[in-house]
Structures are given as structure tokens and as C-alpha cells.
Amino acid sequence: MTLKDKLLAQRIYLLLAALFITSLVVSNLIFQKFFYWYPFEVEVFGTKLFEISVGILPYPITFLITDLISEIFGKKRANQVVVTGIFASLFSLLIVLISDMVPATTWSPVGNELFSTVFGSTAIAVTASMLAYLFAQFVDIQIYHFWKRLTKGKYLWIRNNFSTFFSQFVDTFTILMLLCSFNIIEWDKFAGLLVAGFLFKVLIAILDTPFLYLGVYIFRKRFKLKINEEISLI
């Protein structure tokens, strides 16, 4: 691979990392709003499919990006993005905490109470999300590369979906357990939100598989990569 190609690959890697971090941080900030989408007339443990947090919307993007980075740039680079996401979440948490502590002016469009209502639980949420996210992402990467070795780089859909299904369940279960433990969400909603959140993430994972195939195809064609071949960055 030429130096020009390596520099291009480096820029693309940084762009993917930026999208990953943005999706992660935003999902932590907007989680307190819940929305509904009723494609089926089904109710599970008192919760309709689907009644879920808007924080779930950008979150599956992070798993798609880590799978793409794992496939093209390797396990080490995927883990680096995950660790960087942790630092970004901590930094955003610090900013929110300081913003919540300083007093609002009498003419501020957003007062202290409103700000605390929207962001007051962010500290707990980010902590819970980071714990769940850290565990789930590393599980996702480990399983992805297990299937990649087992299939010798073939059957992309198997490693993409199998790794995402399991890691998304781990993530959903862990974060709901922590949020219920801190009384942010009532325990009677735990089972319903767990099933609804997991099924929604499974649906998204299935729908994003063609996008992973497209991304891998574009990378392999542009950088002339063979099956199971990875780009070694500068």
C-alpha cells in the first residue's frame, strides 16, 4: 500500500472514530426522553413493543462502526476507539456536572431546575452507560474476531450479527440494571424495557448488515484488500 493510501485510510479511521464518539456521547445526553413505535400490537411484561429511550437511536451506530473498524483495521484499532470513547464520555460528564453546579441568571432561558431535570441524572446515566458500554463493546469485539478466525474471514453476516446480538443484550441488561438500582427507572419496567430494547437493537443490527457489507466492499475495492486482510495504519 502506498503512503498516499495509508494517509487516506488514516483519515477515514479518524472520521469513523469521530462518528463513534459523537454517537456515544449524544446517546448519554438524550436518554431521558422515551418514545414509542408500535409496528406490532404486542405487549411484553406490561411494555408495548416498542417503548424505548431515544438514547438507543444513535447507540447501534457504535456497534456498526466497531465492526467495520474490526474488519478493516483490526482488533487493536477497534479497542483503541472503545477506550477513546470512555475518555470522551468522562469529559462530557465533567462538563455537564460543572454546568449543573453554576447558578443560572434570572433572565436565563433555561433555569437551574429545568437544566437539572434534563441533565440532573446524567452523571448516573453516563456512569451506568459507560460500565455497560465498556463491557458490551469489548465483548462485541472479542466475539467478532472469534467468528472471523473461525470462518477465516468469510461469512461477514455471521460475525456481524452474532457478536452484536450478544453484546447488545449484555449492554441492555447491564444499563437497565444500573438505572433501576439508582431509582432512575422503576423496577416494574425492567423486564419490559429489557425485551423491548433488546428486540429493537436486534432489528437494527439486522437492518445495518447491508451497510456493513457496503462499507467493507468499498474499503476492499479502494485499498485492494483480500478477504481477511487488514489495513496497517501509520
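Residues numbered from 1 in each chain as written. Predicted model: local features only at pLDDT ≥ 70, side-chain atom pairs only at ≥ 80, totals over all residues. Heavy atoms only, no water.

Asker: What am I meant to see in the overall build of the protein here?
Answerer: Scanning the protein from terminus to terminus reveals seven helices and four strands. Listing every helix and strand of the protein by position from the N terminus yields α-β-β-β-β-α-α-α-α-α-α. In terms of C-alpha radius of gyration, the protein reaches 19 Å, essentially the compact-globule figure of 17 Å for 234 residues. Dimensions along the principal axes, computed over C-alpha positions, put the protein at roughly 60 × 45 × 25 Å. Counting only residues that meet the buried cut, the protein has 45% of its 234 residues in that class. Summed over its atoms, the accessible surface of the protein is roughly 12,700 Å², and 71% of this surface lies on carbon and sulfur atoms. Here the protein carries 20 positive and 15 negative side-chain charges, and the mean point of each set is 18 Å from the other. (Helix = DSSP H or I, 4+ residues; strand = E, 2+ residues; numbered from the N terminus. Rg over C-alpha atoms; globule rule 2.2 N^0.38 Å. Buried < 20%, exposed > 50% of the residue type's maximum accessible area, 1.4 Å probe, protein only. Areas by Shrake-Rupley, 256 points an atom, 1.4 Å probe, with all protein chains shown as cover. Lys, Arg positive; Asp, Glu negative; His and termini not counted. Charge placed at Lys NZ, Arg CZ, Asp CG, Glu CD.)

Asker: Is there a simple way to think about the packing of aromatic side chains in this case?
Answerer: The relative placement of two aromatic rings is captured by the distance of their centres and the angle of their planes. Tallied over the entire structure, the rule returns twelve aromatic pairs. Aromatic side chains Trp147 and Phe162 sit 5.3 Å apart centroid to centroid with 85 degrees between the ring planes, which places their arrangement in the edge-to-face category. On the criterion of sequence distance, the pair formed by Trp147 in helix α5 (residues 122-150) and Phe162 in helix α6 (residues 156-181) is long-range, its members being 15 residues apart. Seen from their ring centres, Phe219 and Phe223 are 6.0 Å apart, and the 20 degrees between their planes marks the pair as stacked. Here Phe223 and Phe219 lie together in helix α7 (residues 190-223), a separation of four residues that amounts to about one turn. Among the residues examined, Phe219 registers a relative accessible area of 7% and is labelled buried. The rings of Phe169, Phe173, Trp187, Phe190 and Phe198 are connected pair by pair, giving a single aromatic cluster. The lysine or arginine in question, Arg77, covers the ring of Tyr13, its NZ or CZ lying 5.6 Å from the ring centre. (Phe/Tyr/Trp six-rings, centres within 6.5 Å; stacked < 30°, edge-to-face > 60°. Lys NZ or Arg CZ within 6 Å of the ring centre and 35° of its normal.)

Asker: Quick question: what am I supposed to make of the environment of Gln137 here?
Answerer: Structurally, Gln137 can be placed in helix α5. Take Gln137: its relative accessible area is 0%, and that puts it in the buried class. It is 9.9 Å that separates the C-alpha atoms of Gln137 and Asp67, two residues lying 70 residues apart in sequence. Those residues within four positions of Gln137 in sequence are excluded, and the remaining contacts are Phe20, Thr62, Phe63, Thr66 and Val82. (Contact = heavy atoms within 4.5 Å.)

Asker: What's the story with the pattern of salt bridges in this structure? I'm lost.
Answerer: Pairing between side chains of opposite charge can happen when the charged atoms of each approach one another. Per the stated rule, a full pass over the model turns up four salt bridges. Look at the salt bridges and you will find they share partners, linking Glu71, Arg159 and Arg220 into a network. (Salt bridge = Lys/Arg side-chain N within 4 Å of Asp/Glu carboxyl O.)

Asker: Would you mind going over the packing of helix α2 (residues 59-73) against α7 with me for this structure?
Answerer: Packed helix pairs are characterised by how far apart their axes lie and by the angle those axes make with each other. For the pair α2 and α7, the least separation of the axes is 10 Å and the interaxial angle reads 35 degrees. The chirality of how α2 crosses α7 is right-handed. Across the interface between the two elements, Tyr59, Pro60, Leu64, Asp67, Leu68, Glu71, Ile72 and Phe73 from α2 touch Lys201, Ile204, Asp208, Phe211, Leu212, Gly215, Val216, Phe219 and Arg220 from α7. Of the residues belonging to the contact of α2 with α7, the class tally is eleven nonpolar, one polar and five charged. (Axes fitted to C-alpha atoms, helices over the stretch in contact; angles between N-to-C directions. Left-handed = near helix turned anticlockwise from the far one by under 90°. Nonpolar A, V, L, I, M, F, W, Y, C, P; charged D, E, K, R; others polar.)

Asker: What am I meant to see in the packing of α2 against α6 here?
Answerer: Close contact between α2 and α6 brings their axes to 11 Å; oriented N to C, the two are set at 140 degrees. The angle between the axes of α2 and α6 places the two elements in the oblique class. For the pair α2 and α6, the crossing hand works out as right-handed. Contact with α2, carried on its side by Tyr59, Pro60, Phe63, Asp67 and Glu71, involves Leu156, Arg159, Asn160, Ser163, Thr164, Ser167, Gln168 and Asp171 of α6 and no other residues of that element. Of the residues assigned to the contact of α2 with α6, the class counts are four nonpolar, five polar and four charged. (Parallel < 35°, antiparallel > 145°, perpendicular 65-115°, else oblique.)

Asker: For this particular structure, what's the right way to read the environment of Val83?
Answerer: Inspection of the secondary structure puts Val83 in helix α3 (residues 75-101). On the basis of relative accessibility, which here comes to 37%, the residue Val83 falls in the partly exposed class. In sequence terms Val83 and Phe34 are 49 residues apart; their C-alpha atoms lie 28 Å from each other.

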